[in-house]
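A look at the structure
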Amino acid sequence: GQDSFIVHDEAHLTPAFSDLLRQLADVQRQAGEPKQVRVMELSATSRGGEDPFLRLEREDENDEVVRERLDATKRLHLHGVEASPQEKRANIVKKTLEKLVELSLSHRDEQAKVLVYTRSPEDAQEVYRLLKSRLEKPAEGHTTLLTGTIRGYEREKLVREDPVYKAFLDPDVHISRTMYLVSTSAGEVGIDIDADHMVCDLTTLDSMIQRLGR
């Protein structure tokens, strides 16, 4: 840690590590180390702290591209899932996943790109399976899955070869039929996705901001 500059990217995902880095820096400061470690956190949804934030200034807001994004029409629709207080959590999760699939399929005739978020790889796998089973035509080439459990090899192959994933990365691509990308938090950060609709469960504010930011 001597004379080091540590950049902690997507710091909101590992807050405990952020705390550890700050503690190490504090120990060095208190000891009067001549070449202390310096830490920078990068995140669109920082949890706070004493460090200064990078914010949009007036000149940024006057930029044509920034203004177009800030002023774009955004619509959010909330859909409830009925459950009794005595109902088991597993059954509520099942109903929630069914609702995600139902809402996703409502766009099947729009020639749209639909991004579907879930909380866990298991939930993503189930939504992916249900979508594939309920699409009238073969789902190959129109539905794909992205989770953090995918190895680096499969992820690189996904970028190179998967037509659905490639379509979500290209805002100008023409699609002849609705495509679905089902993802966990692996698709919340560090990726520029272009979609017409997003369908997701309700999660923490940090995750919602990251999802909406795609």
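What you see is a predicted model; the values in this text were computed from it and never measured.

Here is what the cut-offs are and how they apply
- Residues numbered from 1 in each chain as written.
- Predicted model: local features only at pLDDT ≥ 70, side-chain atom pairs only at ≥ 80, totals over all residues.
- Heavy atoms only, no water.
- Pairing = 2+ DSSP bridges.
- Helix = DSSP H or I, 4+ residues; strand = E, 2+ residues; numbered from the N terminus.
- Axes fitted to C-alpha atoms, helices over the stretch in contact; angles between N-to-C directions.
- Contact = heavy atoms within 4.5 Å.
- Buried < 20%, exposed > 50% of the residue type's maximum accessible area, 1.4 Å probe, protein only.
- Polar contact = N/O pair within 3.5 Å; in protein donor to acceptor, adjacent residues only side chain to side chain.
- Right-handed = clockwise from strand over helix to strand, strands pointing away.
- Core = buried A, V, L, I, M, F, W, Y, C linked by side-chain atoms within 4.5 Å.

A look at the sheet that holds strand β6 (residues 197-200)
Taken in spatial order, the four strands line up as β4-β5-β3-β6 in an open sheet, and their pairing is parallel. Edge positions in the sheet fall to β4 (143-146) and β6, since each of these pairs with one other strand and no more. Taking the axes of each pair of neighbouring strands and ignoring which way they run, one obtains an average angle of 20 degrees across the sheet. Where strand β3 (residues 113-117) lies against strand β5 (residues 179-183), five bridges are found, and the strand directions are parallel. When the sheet's bridge partners are listed, Tyr 117 is paired in β5 with Ser 183. On the sheet, helix α5 (residues 121-134) packs against β3, β4 and β5 and is oriented at approximately 175 degrees with respect to β4.

Quick look at the side chain of Glu 87
The topology assignment puts Glu 87 in the loop between α3 (64-70) and α4 (89-105). Assessed through its relative accessible area of 18%, Glu 87 is described here as buried. One polar contact links Glu 87 to Asn 91, side chain to side chain, over a distance of 2.3 Å. At 2.9 Å, the side chain of Glu 87 and the side chain of Lys 95 are in polar contact.

What about unusual backbone geometry?
Even without being glycine, Glu 10 reaches a positive phi, approximately 50 degrees. Along the polypeptide, Glu 10 turns up in the loop between β1 (5-9) and α1 (15-31).

Concerning the pairing of β1
The side chains of a regular strand alternate, first on one face of the sheet and then on the other. Of the pairings in the sheet, the one linking β1 to strand β2 (residues 38-42) comprises five bridges and is parallel in character. Counted as the bridge partner of Asp 9 is Leu 42 from β2. Remark: the β1/α1/β2 crossover connection has right-handed handedness.

As for the nonpolar core
Within soluble globular proteins, side chains that are nonpolar tend to cluster in buried spots. Judged by nonpolar contacts, the single largest core of 17 residues is most densely connected at Val 101, Leu 105, Val 127, Leu 131, Tyr 180 and Val 182. Those elements that provide at least two residues to this core are α4, β3, α5 and β5. In this view, Leu 105 contacts Leu 131, Arg 134, Leu 135 and Tyr 180; residues no more than four positions away in its chain are not counted.

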